[in-house]
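One-letter residues, chain by chain:
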Amino acid sequence: MIDVALLSVIRRWHLREKVSIREIARRTKLSRNTIAKYLASEETVPRYPKRHNPSKLDPYAADLSAWLRSNQHAPRKQKRTLRQMHAALLARGYTGSYNRVAAFARAWRQAEQEQARTAGRGVFIPLVFAPGEAFQFDWSEDWARIDGERVKLQIAQFKLSHSRAFVLRAYLLQTHEMLFDAHNHAFAVFGGVPRRGIYDNMKTAVDKVRAGKRRDVNTRFTALTSHFLFEPEFCNPASGWEKGQIEKNVLDARRRLWPTVPPMPSLDALNSWLEQRCREMWEELPHPEWRDRTIAQLWHHERSALMPVTAPFDGFVEQTKRVTPTCLVHVDRNRYSVPASFANRPVSVRLYADRVVVAAEGQVIAEHGRRIRRAHDGGCTVFDWRHYLSVVQRKPGALRNGAPFAELPEGFRRLQAILLKRQGGDREMVEILALVLLHDEQAVLAAVELALEAGAPSKPHILNLLHRLLGADPPPPMSEPPMLALQVEPLANASRYDGLREARHVA
């Protein structure tokens, strides 16, 4: 086979210098037929004949092609893998390797695509989004050190499709209430709501994936989209490239942001740091399409095209629970107290991302900061000692070892340590604690501390101080308890005193 350089020389000799084919054959030692063939074809680059190396797979090529063709139309769970096809060929007598089968399958698929004029799975079309048109959302998992412990976090990630402004917020779970809270914070940071949201088929949004783009959307997620007035759009299953911007943002955050996260005292502190760091990165990073402008500059332009945020979405998940005889409701392996009057009754528990709200009879009866624990150790109990005051008024002895009263404010605990040493101190302490049901707790606590400073820790003195602090009229005179009432009233008789004086003088 003639090479490219020699072919170039032959063409110059014959076409430019008019050298005959006979003379060129003499100079190059090539046959005249070979020279004439290349000059007649007018080729500038010689073509090499396609090489065909015989393969052990050739006798089975027809069977393998038929299997690959039927595999294209088989249901997902009935598709055969290349490993299974290779095993079937071995059973038929094939002695070659699996790699030869895999190479044949790749070449077969490429030939099918060329024949059908379609592209493979690794080919994509660049997308362009107008300002305020869409945002993309996805969850990711990352780690951070919080309160001295390395914690696995669920990260809600949002990204505006036009300006590429992004927001990250960390949670401990991927539940409905966390998803709703993430949307409230993201739209507040963006300063508005795009007209469309692009999601994968997460269970907190989609109850069932149907054919094509049809989805059975979760009722609470529909309420979220109706509140913020954006249209949800769900990708095809296992098609992460349909929201490629946020998929790339997950990878970029793991490389740029998470290695720089310092130890944090709490999850709230981490989320504040993440929001601030995202804003700083908007100013630092250039836009991938307009390299001369930053993400922050494009975001300022896009912000005017966003729909306004009217109010945060009340994103809670409601559950019906029955209160135990110890005035507790069980939520996610933890226990939260409610007022004693609702013991043994059903109540409505509303779970938010950061708090637990208990409602009954159309009103909120209790609210606690939410505790989330992954350890299967029985959870923890969150008490509010005020919920047990009506019980301890009937059972004042329970005040000494009652678990809800282990976390009393410092002033109350000091007073309790003094009163419990007295006869009837249990009941007196209970009556003082019950004052918080009628008056401001801080005022009652201030009166207790003043009484302790004065060295007169008693209920009458505390009542007097409390009414002074509140600016009210002094309390009415206290009536004696029934057990201290006199059965025989003493008589005023001065003659008895005179008799005692006379007896003294006589002595």
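Being a predicted model, the structure only gives us computed values, none of them experimental. (Residues numbered from 1 in each chain as written. Predicted model: local features only at pLDDT ≥ 70, side-chain atom pairs only at ≥ 80, totals over all residues. Heavy atoms only, no water.)

1. Comments concerning the overall build of the protein
- Within the protein one finds 17 helices and 14 strands.
- Taken over the C-alpha trace, the protein has a radius of gyration of 42 Å; the compact-globule value for 507 residues is 23 Å, which it surpasses by more than 25%.
- For the protein, the C-alpha atoms occupy an extent of roughly 175 × 60 × 45 Å along the three principal directions.
- The buried share among the 507 residues of the protein stands at 40%.
- Surface summary for the protein: the accessible area is close to 30,500 Å², and the carbon and sulfur share equals 52%. (Helix = DSSP H or I, 4+ residues; strand = E, 2+ residues; numbered from the N terminus. Rg over C-alpha atoms; globule rule 2.2 N^0.38 Å. Buried < 20%, exposed > 50% of the residue type's maximum accessible area, 1.4 Å probe, protein only. Areas by Shrake-Rupley, 256 points an atom, 1.4 Å probe, with all protein chains shown as cover.)

2. Quick word on the side chain of S337
- The residue S337 is located in strand 10 (residues 334-337) in this model.
- Assessed through its relative accessible area of 0%, S337 is described here as buried.
- Not counting residues within four places of it along the chain, the set of residues in contact with S337 comprises C327, L328, A366, H368, V382, F383, D384, H387 and Y388. (Contact = heavy atoms within 4.5 Å.)

3. Notes on the side chain of Q245
- As for its placement among the helices and strands, Q245 is situated in helix 9 (residues 244-256).
- Dropping the residues within four chain positions of it, Q245 is found in contact with F129, Q136, K159, L160, S161 and R164.

4. Regarding the pairing of strand 5 (residues 206-209)
- Direction of pairing for strand 5 relative to strand 6 (residues 215-217): antiparallel, over a ladder of 3 bridges. Across the sheet, V209 pairs through a bridge with R215, a residue of strand 6.
- Adjacent in sequence and paired antiparallel, strand 5 and strand 6 are bridged by 5 residues, among which G212 carries a positive phi angle near 65°. (Pairing = 2+ DSSP bridges.)

5. Structural notes on the nonpolar core
- Counting residues in each nonpolar core, the largest one holds 53 residues, and the members touching the most others are F137, L153, F190, W258, L270 and W282.
- If you list the elements that add at least two residues to this core, you get strand 1 (134-146), strand 2 (149-160), strand 3 (166-171), helix 7 (176-190), helix 8 (219-228), helix 10 (267-284) and helix 11 (295-303).
- Ignoring any residue separated from it by four or fewer positions in sequence, one finds F190 in contact with F158, K159, L160, A165, F166, V167, W282, W299, R303 and L306.
- In this structure, Y388, L419, V430 and A443 belong to the second largest nonpolar core, which totals 31 residues. (Core = buried A, V, L, I, M, F, W, Y, C linked by side-chain atoms within 4.5 Å.)

6. A look at the sheet that holds strand 8 (residues 317-322)
- With antiparallel pairing, the 4 strands of this open sheet are ordered in space as 8-11-12-13. Two strands bound the open sheet, and with one partner strand each, they are strand 8 and strand 13 (363-369). Strand-to-strand twist in this sheet, taken as the mean axis angle between neighbours without regard to direction, amounts to 25°.
- Across 6 bridges, the pairing between strand 12 (residues 355-360) and strand 13 is antiparallel. (Axes fitted to C-alpha atoms, helices over the stretch in contact; angles between N-to-C directions.)

7. Overview of the pattern of salt bridges
- Taken as a whole, this structure holds 31 salt bridges when the rule is applied.
- Between E280 and R277 there is a salt bridge, and its shortest N-O distance comes to 3.1 Å. Highlighted residues: E280 and R277, both in helix 10, separated by 3 residues, approximately one helical turn.
- By relative accessible area, R277 is classed as buried at 19%.
- One connected set of salt bridges, linked through shared partners, spans D138, D200, K243 and E247. (Salt bridge = Lys/Arg side-chain N within 4 Å of Asp/Glu carboxyl O.)

8. Focus on the packing of helix 1 (residues 4-16) against helix 2 (residues 21-28)
- Two numbers describe how helix 1 lies on helix 2: the axes approach to 10 Å, and their chain directions differ by 145°. The handedness of the crossing between helix 1 and helix 2 is right-handed. For the pair helix 1 and helix 2, the contacting residues are L6, I10, W13 and H14 in the first and I21, I24, R27 and T28 in the second.
- Taken together, the residues that form the contact of helix 1 with helix 2 break down as 5 nonpolar, 2 polar and 1 charged. (Left-handed = near helix turned anticlockwise from the far one by under 90°. Nonpolar A, V, L, I, M, F, W, Y, C, P; charged D, E, K, R; others polar.)

9. Considerations on the confidence of the model for the protein
- Averaged over the protein, the pLDDT score is 89; the fraction of residues at 70 or greater is 92%.
- Taking the mean pLDDT of every element in the protein, the minimum, 71, falls on helix 17 (residues 494-506) and the maximum, 98, on strand 3. (pLDDT = per-residue confidence, 0-100.)

10. Focus: the packing of aromatic side chains
- One pass over the full model with this rule turns up 22 aromatic pairs.
- Seen in terms of ring centroids, W139 and Y171 are 6.3 Å apart; in terms of plane orientation they differ by 75°. Their pairing is edge-to-face. Within this pair, whereas W139 is found in strand 1, its partner Y171 is found in strand 3, the two being separated by 32 residues in sequence. Residues W139 and Y171 agree in their burial class; the two are buried.
- Through pairs of rings, three or more aromatic residues link up here, namely F135, F137, W139, F158, Y171, F187, Y199, F221, F228, F230 and F234.
- Positioned above the aromatic ring of W67 is the side chain of R80, whose terminal nitrogen or guanidinium carbon lies 4.7 Å from the ring centre.
- Above the ring of Y98, the side-chain terminus of R83 is found at 3.7 Å from the ring centroid. (Phe/Tyr/Trp six-rings, centres within 6.5 Å; stacked < 30°, edge-to-face > 60°. Lys NZ or Arg CZ within 6 Å of the ring centre and 35° of its normal.)

11. Observations concerning a nonpolar patch on the surface
- Judged by side-chain polarity, L450, L469 and L470 come together as a nonpolar surface patch covering roughly 240 Å² of accessible area.
- Within the secondary structure, L469 sits in helix 16 (residues 459-470).
- According to the relative accessible area criterion, L469 is partly exposed, its value standing at 43%. (Patch = residues over 30% accessible without salt bridge, like charges linked within 9 Å, V, L, I, M, F, W, Y side chains within 5 Å.)

12. Thoughts on the sheet that holds strand 3
- Taking strand neighbours across the sheet as the criterion, the 5 strands line up as 3-2-1-4-7 in an open arrangement whose pairing is mixed. Pairing within the sheet leaves two strands with one partner each, and these edge strands are strand 3 and strand 7 (231-234). On average, each strand axis in the sheet is inclined to that of its neighbour by 30°, with strand direction left out of account.
- Relative to strand 3, strand 2 runs antiparallel, the two being bridged by 6 bridges. By the bridge assignment, K159 is partnered in strand 3 with F166.
- Lying over the sheet, helix 9 contacts strand 1, strand 2 and strand 3, oriented at roughly 20° with respect to strand 1.

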